[in-house]
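Remarks on the overall topology
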Amino acid sequence: MEHIAFDTHPSLDLDQVFKAMVNPTKIFMTGVTGFIGPAVLQRLLDHNEASQFHITAFLGVNTITGSLEDLVLTENLAADADIVIAMADADNLDVAKAVLRGMKRYHKASGTVPTLIHTSGTGVVADAASGDHASDIIYDDINADQIELCQRHNHTDMICQGVHHPPSMVYGLGSGRLLDLGVRNKFSIVFPQLIKAALVRGRSGVFGAGKNVWNNVHVDDIVDLYIILFDTIREKKAGLGHGREGYYFAENGEHSIYELGKAIGEGLVALGRATIAEPSAFTNAEIDFFFQGSTFWDRNSRARASRARSLGWHPVKTSKDMLDSIQKEIEAILESENKSQ
């Protein structure tokens, strides 16, 4: 892994060029070889003020000179950044501490307080429903007391206390220049796991009864939220919460795991890869084989993005859009598997 600095300088007038050269906004990003991270990076590269940014990120290349696990390098890069956007492993406490050490050094050297946008995970509000029921508990990002009762990712979230936003079940197919360059991951996490399992077993599956409920958000919508937070930070606008008041959830609707499983089943039938659209429960052996024993998707994860919407975030894609996108996901996975053979 190599850290690469991106400088973007489209045609500008001389005053803008001078400002960008003298005092650029220095940004350090992690997680840009995943699914959300590359989309955020691309949006920053396309930003109308991109000429004023100096972006440093870890990218996967052939020459291995460093990685996120190189804690000294991570700390040094954070120490030179005005804004850190962390989108890698939400549970890696050592990396989080390295970033914070670097930010402390930045503050000591410059007298300026840097900003951390830390990406947690949807599991931060997950329960243990085992697929048997939909929870009545809905977490709201404006309720800090309620959020602090959550468990998963809590150890890193609590030490970061920057601007967070745990995403929902993020979906959508990656596209754009970074995908073409082999930097960006085309697929999200959840859909491919469930679809590939369904293709092998010849029928869509759910955990338990599949009655548990999850929020969803399209990748383009969640990237909009990152950019709104980024712009609000840079422009020092009023109303931006931080610390324990700095959680920003990303959601635009919800669905049951049964509904997701049924949509996968319908997609398989339409493509001639199954004869029954109705999903069936994964057996324990299948859970071990397809999901390495994890039953994470049998939980509820329900939240409301009140604080995020208060900043002017207006997600567009709905739960219906998510369910309607499943067949295209299946087709993309089949195409990808055919190319790899």
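Residues numbered from 1 in each chain as written. Predicted model: local features only at pLDDT ≥ 70, side-chain atom pairs only at ≥ 80, totals over all residues. Heavy atoms only, no water.

**So, the pairing of strand β2 (residues 25–30)**
When you tally the buried positions in β2, you get five out of six residues, the bulk of the element. Alignment of β2 against strand β4 (residues 83–86), held across four bridges, turns out to be parallel. Following the sheet pairing, Thr30 is matched in β4 by Ala86. (Buried < 20%, exposed > 50% of the residue type's maximum accessible area, 1.4 Å probe, protein only. Helix = DSSP H or I, 4+ residues; strand = E, 2+ residues; numbered from the N terminus. Pairing = 2+ DSSP bridges.)

**A closer look at the sheet that holds strand β10 (residues 213–218)**
Strand order in the open sheet made by the three strands is β8-β10-β11, with mixed pairing throughout. The sheet terminates laterally at β8 (169–171) and β11 (254–256), the two strands that pair on one side only. With strand direction ignored, the average angle separating the axes of adjacent strands in the sheet is 40 degrees. Of the strand pairs in this sheet, β10 and β11 are connected by three bridges, and their pairing is antiparallel. Residue pairing in the sheet places Val213 in a bridge with Ser256 of β11. (Axes fitted to C-alpha atoms, helices over the stretch in contact; angles between N-to-C directions.)

**A look at the confidence of the model for the protein**
Confidence in the prediction for the protein averages 84 pLDDT; 85% of positions are at 70 or higher. Contacts for the low-pLDDT stretch residues 1–14, under 50 throughout, to residues beyond four places or in other chains number 47 contacts. (pLDDT = per-residue confidence, 0-100. Contact = heavy atoms within 4.5 Å.)

**Digging into the packing of aromatic side chains**
Evaluation of the coordinates by the stated rule reveals ten aromatic pairs. For the ring pair Trp214 and Phe296, a centre distance of 5.4 Å and an interplane angle of 70 degrees mean the geometry is edge-to-face. In this pair, Trp214 sits in strand β10 while Phe296 sits in the loop between α11 (284–291) and β13 (303–304), placing the two residues 82 residues apart along the sequence. Summarising the burial analysis for this pair, Trp214 and Phe296 share the class buried. Each ring, one from Trp214 and one from Trp297, has its centre 5.1 Å from the other, and the planes form 50 degrees; the classification is tilted. Separated by 83 residues along the polypeptide, Trp214 in strand β10 and Trp297 in the loop between α11 and β13 bring together distant segments of the chain. Here Trp214 matches Trp297 in class, with each residue buried. Taken together through their ring pairs, the aromatic side chains of Phe207, Phe282, Phe289, Phe290 and Phe291 make up a single cluster. The ring of Phe35 has Arg184 sitting right over it, with the charged end atom 5.8 Å from the ring centre. (Phe/Tyr/Trp six-rings, centres within 6.5 Å; stacked < 30°, edge-to-face > 60°. Lys NZ or Arg CZ within 6 Å of the ring centre and 35° of its normal.)

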